[in-house]
Amino acid sequence: MTCWRQNRIGNNRGLFGGYFFCSYLDRMKLILLGSHMEDFEIRDRVEVLITKDDRVCVAWWKGIKTAANICFPGGGVEAGDTHEQTVVKECLEEVGIQVKNISYLGIREKGTAVFSTVKEGLDKFKTETFVYTAEFESVNMKLFNVEGDGMEYEWVTIPQAIELMKDSGEYAPIRLRSLYELAKIFPKQQNTSLLQQW
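Note that the structure is predicted; figures quoted are calculated from it, not measured.

Definitions and cut-offs
- Residues numbered from 1 in each chain as written.
- Predicted model: local features only at pLDDT ≥ 70, side-chain atom pairs only at ≥ 80, totals over all residues.
- Heavy atoms only, no water.
- Helix = DSSP H or I, 4+ residues; strand = E, 2+ residues; numbered from the N terminus.
- Buried < 20%, exposed > 50% of the residue type's maximum accessible area, 1.4 Å probe, protein only.
- Contact = heavy atoms within 4.5 Å.
- Areas by Shrake-Rupley, 256 points an atom, 1.4 Å probe, with all protein chains shown as cover.
- Salt bridge = Lys/Arg side-chain N within 4 Å of Asp/Glu carboxyl O.
- Pairing = 2+ DSSP bridges.

Asks: Help me understand the overall build of the protein, please; the structure alone is not making it clear to me.
Replies: In terms of regular secondary structure, the protein is built from five helices and eight strands. Mapped from its N terminus to its C terminus, the protein presents α and β elements in the order β-α-β-β-β-α-β-β-β-β-α-α-α. By residue count, 47% of the 198 residues in the protein fall in the buried class. Sequence separation of at least 24 residues holds for 76% of the intrachain contacts in the protein that already meet a minimum separation of 6. Total accessible area on the protein is roughly 9700 Å²; 53% of this is exposed by carbon and sulfur atoms.

Here's what the structure looks like:
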(Lines give C-alpha, C1' and ligand atoms only; values in the text may rest on other atoms or scores of the structure.)
Protein backbone atom coordinates (compact mmCIF):
# COMPACT_ATOMS: atom_id res chain seq x y z
CA MET A 1 0.00 0.00 0.00
CA THR A 2 1.45 3.35 -1.01
CA CYS A 3 1.13 5.85 1.80
CA TRP A 4 2.11 9.17 0.24
CA ARG A 5 -1.26 10.70 -0.43
CA GLN A 6 -2.43 14.18 0.48
CA ASN A 7 1.01 15.03 1.88
CA ARG A 8 0.77 12.55 4.74
CA ILE A 9 4.04 12.19 6.57
CA GLY A 10 5.31 12.27 10.13
CA ASN A 11 5.40 10.26 13.25
CA ASN A 12 3.74 9.97 16.63
CA ARG A 13 6.03 9.54 19.58
CA GLY A 14 4.21 11.40 22.35
CA LEU A 15 6.75 13.11 24.58
CA PHE A 16 9.68 11.30 23.00
CA GLY A 17 11.81 11.61 19.86
CA GLY A 18 11.06 15.32 19.40
CA TYR A 19 7.31 14.86 19.20
CA PHE A 20 4.88 16.28 21.72
CA PHE A 21 1.26 17.25 22.33
CA CYS A 22 0.35 20.82 21.57
CA SER A 23 -0.31 22.89 24.67
CA TYR A 24 -3.65 23.17 26.43
CA LEU A 25 -3.77 26.86 25.45
CA ASP A 26 -3.21 25.98 21.79
CA ARG A 27 -6.01 23.46 21.93
CA MET A 28 -8.37 25.99 23.51
CA LYS A 29 -7.49 28.49 20.78
CA LEU A 30 -8.31 25.90 18.15
CA ILE A 31 -11.65 25.18 19.77
CA LEU A 32 -12.52 28.88 20.08
CA LEU A 33 -11.55 29.48 16.47
CA GLY A 34 -13.89 26.75 15.39
CA SER A 35 -11.23 24.33 14.14
CA HIS A 36 -12.36 20.76 13.61
CA MET A 37 -10.53 17.51 13.01
CA GLU A 38 -10.76 17.86 9.23
CA ASP A 39 -8.86 21.15 9.44
CA PHE A 40 -5.70 19.31 10.48
CA GLU A 41 -3.28 17.58 8.18
CA ILE A 42 -3.74 13.83 8.62
CA ARG A 43 -0.54 11.82 8.55
CA ASP A 44 -0.24 8.08 8.15
CA ARG A 45 1.46 5.97 10.79
CA VAL A 46 1.75 2.20 11.16
CA GLU A 47 1.68 -0.10 14.14
CA VAL A 48 3.05 -3.61 13.81
CA LEU A 49 1.97 -6.75 15.63
CA ILE A 50 5.14 -8.84 15.33
CA THR A 51 4.44 -12.50 15.97
CA LYS A 52 6.75 -15.30 16.97
CA ASP A 53 5.12 -18.70 17.26
CA ASP A 54 1.87 -17.86 19.10
CA ARG A 55 3.16 -14.76 20.88
CA VAL A 56 3.21 -11.07 20.04
CA CYS A 57 5.84 -8.40 20.67
CA VAL A 58 4.94 -5.56 23.04
CA ALA A 59 7.38 -2.72 23.60
CA TRP A 60 8.00 0.26 25.85
CA TRP A 61 10.45 3.14 26.08
CA LYS A 62 13.56 2.06 27.95
CA GLY A 63 13.05 2.10 31.68
CA ILE A 64 9.43 3.31 31.41
CA LYS A 65 7.26 0.20 31.49
CA THR A 66 3.99 1.86 32.49
CA ALA A 67 0.52 1.29 31.05
CA ALA A 68 0.62 4.54 29.09
CA ASN A 69 3.93 3.60 27.44
CA ILE A 70 3.18 0.01 26.43
CA CYS A 71 2.80 -0.11 22.66
CA PHE A 72 3.51 -2.00 19.46
CA PRO A 73 6.50 -1.04 17.32
CA GLY A 74 5.56 1.54 14.71
CA GLY A 75 5.84 5.11 13.56
CA GLY A 76 5.13 7.70 10.93
CA VAL A 77 5.33 7.04 7.20
CA GLU A 78 7.89 9.29 5.58
CA ALA A 79 7.63 10.88 2.14
CA GLY A 80 8.18 8.40 -0.65
CA ASP A 81 7.94 5.31 1.60
CA THR A 82 5.24 2.67 1.47
CA HIS A 83 3.58 1.35 4.59
CA GLU A 84 5.46 -1.93 4.17
CA GLN A 85 8.81 -0.16 3.99
CA THR A 86 7.93 1.74 7.15
CA VAL A 87 6.98 -1.49 8.91
CA VAL A 88 10.41 -2.98 8.18
CA LYS A 89 12.26 0.19 9.16
CA GLU A 90 10.41 0.84 12.41
CA CYS A 91 10.80 -2.76 13.59
CA LEU A 92 14.55 -2.56 12.96
CA GLU A 93 14.98 0.86 14.55
CA GLU A 94 12.77 0.39 17.60
CA VAL A 95 13.28 -3.24 18.63
CA GLY A 96 16.08 -4.56 16.39
CA ILE A 97 13.89 -7.19 14.74
CA GLN A 98 13.94 -8.15 11.06
CA VAL A 99 10.41 -9.08 10.00
CA LYS A 100 8.89 -11.04 7.11
CA ASN A 101 5.45 -11.88 5.72
CA ILE A 102 4.01 -8.41 6.30
CA SER A 103 0.23 -8.23 6.05
CA TYR A 104 -2.30 -5.42 6.50
CA LEU A 105 -4.69 -6.44 9.25
CA GLY A 106 -7.53 -4.40 7.76
CA ILE A 107 -7.73 -1.99 10.68
CA ARG A 108 -7.28 1.77 10.41
CA GLU A 109 -8.33 4.61 12.67
CA LYS A 110 -7.92 8.37 12.85
CA GLY A 111 -6.56 9.72 16.11
CA THR A 112 -7.95 12.68 18.00
CA ALA A 113 -4.83 14.05 19.71
CA VAL A 114 -2.97 16.99 18.14
CA PHE A 115 0.77 16.56 17.63
CA SER A 116 3.63 18.75 16.51
CA THR A 117 7.12 17.94 15.35
CA VAL A 118 10.29 19.92 15.73
CA LYS A 119 11.62 18.41 12.52
CA GLU A 120 8.83 19.87 10.44
CA GLY A 121 8.40 23.36 11.81
CA LEU A 122 6.03 22.69 14.73
CA ASP A 123 3.09 22.20 12.37
CA LYS A 124 0.06 20.67 14.06
CA PHE A 125 -1.29 17.42 12.71
CA LYS A 126 -3.33 14.35 13.57
CA THR A 127 -2.60 10.77 12.66
CA GLU A 128 -4.35 7.90 10.94
CA THR A 129 -3.04 4.56 12.14
CA PHE A 130 -2.87 1.47 9.93
CA VAL A 131 -2.25 -1.86 11.66
CA TYR A 132 -0.05 -4.57 10.16
CA THR A 133 1.08 -8.01 11.21
CA ALA A 134 4.56 -9.35 10.51
CA GLU A 135 6.46 -12.47 11.49
CA PHE A 136 9.73 -12.49 13.40
CA GLU A 137 12.63 -13.48 11.14
CA SER A 138 15.78 -12.62 13.07
CA VAL A 139 17.43 -10.19 15.47
CA ASN A 140 19.17 -7.42 13.54
CA MET A 141 20.72 -4.63 15.61
CA LYS A 142 22.29 -2.72 12.71
CA LEU A 143 19.68 0.08 12.73
CA PHE A 144 18.52 -0.27 16.32
CA ASN A 145 18.20 3.06 18.12
CA VAL A 146 19.76 5.07 15.27
CA GLU A 147 17.24 7.86 15.91
CA GLY A 148 17.20 7.47 19.67
CA ASP A 149 13.91 5.58 19.58
CA GLY A 150 15.09 2.15 20.68
CA MET A 151 12.75 0.29 23.02
CA GLU A 152 12.72 -2.72 25.29
CA TYR A 153 10.28 -5.49 24.47
CA GLU A 154 8.98 -8.89 25.43
CA TRP A 155 6.99 -11.69 23.82
CA VAL A 156 3.59 -12.26 25.41
CA THR A 157 0.44 -14.22 24.70
CA ILE A 158 -2.49 -12.38 23.16
CA PRO A 159 -4.49 -12.35 26.45
CA GLN A 160 -1.43 -10.93 28.23
CA ALA A 161 -1.09 -8.27 25.52
CA ILE A 162 -4.74 -7.32 25.93
CA GLU A 163 -4.23 -6.88 29.65
CA LEU A 164 -1.17 -4.69 29.02
CA MET A 165 -2.76 -2.62 26.24
CA LYS A 166 -6.14 -1.85 27.77
CA ASP A 167 -4.82 1.31 29.45
CA SER A 168 -2.37 2.40 26.74
CA GLY A 169 -3.84 5.83 26.09
CA GLU A 170 -5.45 7.11 22.90
CA TYR A 171 -4.47 4.05 20.91
CA ALA A 172 -5.89 1.48 23.34
CA PRO A 173 -9.12 0.87 21.35
CA ILE A 174 -7.37 0.20 18.04
CA ARG A 175 -4.75 -1.98 19.75
CA LEU A 176 -7.42 -4.08 21.45
CA ARG A 177 -9.33 -4.48 18.16
CA SER A 178 -6.10 -5.49 16.49
CA LEU A 179 -5.35 -8.12 19.11
CA TYR A 180 -8.86 -9.51 18.75
CA GLU A 181 -8.30 -9.88 15.00
CA LEU A 182 -4.89 -11.40 15.59
CA ALA A 183 -6.44 -13.98 17.90
CA LYS A 184 -8.36 -15.36 14.92
CA ILE A 185 -5.01 -16.42 13.47
CA PHE A 186 -4.17 -18.31 16.66
CA PRO A 187 -7.23 -20.50 17.42
CA LYS A 188 -5.70 -21.93 20.59
CA GLN A 189 -5.92 -18.50 22.22
CA GLN A 190 -9.34 -17.56 20.93
CA ASN A 191 -11.39 -18.98 23.79
CA THR A 192 -9.60 -17.40 26.73
CA SER A 193 -11.64 -15.44 29.25
CA LEU A 194 -10.09 -12.11 28.26
CA LEU A 195 -11.00 -12.57 24.61
CA GLN A 196 -14.51 -13.64 25.57
CA GLN A 197 -14.88 -10.42 27.59
CA TRP A 198 -13.68 -8.35 24.66
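Asks: Whenever I open this one, unusual backbone geometry confuses me. Can you help?
Replies: A negative phi angle characterises most non-glycine residues, just as the trans form characterises most peptide bonds. Of note, Asp-53 is a non-glycine position whose phi angle comes to about 60°, a positive value. Examined against the element boundaries, Asp-53 turns out to sit in the loop between strand 2 (41-52) and strand 3 (55-61). Even without being a glycine, Asn-101 presents a positive backbone phi close to 50°. Along the chain, Asn-101 falls in strand 5 (residues 97-110).

Asks: Help me understand the pattern of salt bridges in this model?
Replies: Pairs can form between side chains of opposite charge whenever their charged atoms are close. Taken as a whole and assessed by the stated rule, the structure comprises nine salt bridges. A salt bridge links Lys-184 to Glu-181, with the nearest nitrogen and oxygen atoms 3.1 Å apart. On the basis of relative accessible area, Lys-184 is assigned to the partly exposed category, the value being 43%. Among the residues examined, Glu-181 registers a relative accessible area of 27% and is labelled partly exposed. Look at the salt bridges and you will find they share partners, linking Arg-45, Glu-47 and Arg-175 into a network.

Asks: Got a minute to help me understand the environment of Pro-173 in this structure?
Replies: In this fold, Pro-173 is placed in helix 4 (residues 172-183). Judged by relative accessible area, Pro-173 falls into the partly exposed class, the value being 40%. In this structure, the C-alpha to C-alpha distance between Pro-173 and Glu-109, residues 64 residues apart in sequence, is 9.5 Å.

Asks: Please explain the pairing of strand 3 as it appears in this structure.
Replies: Side-chain direction in a regular strand flips from residue to residue, so the side chains alternate between the two faces of the sheet. Burial of strand 3 is extensive: six of the seven residues sit out of reach of the surface. From the end of strand 2 to the start of strand 3, which pair antiparallel, there are two residues, and Asp-53 there has a positive phi angle of about 60°. Bridge count for strand 3 against strand 8 (residues 151-156) is six bridges, and the pairing is antiparallel. By the bridge assignment, Val-58 is partnered in strand 8 with Glu-154.

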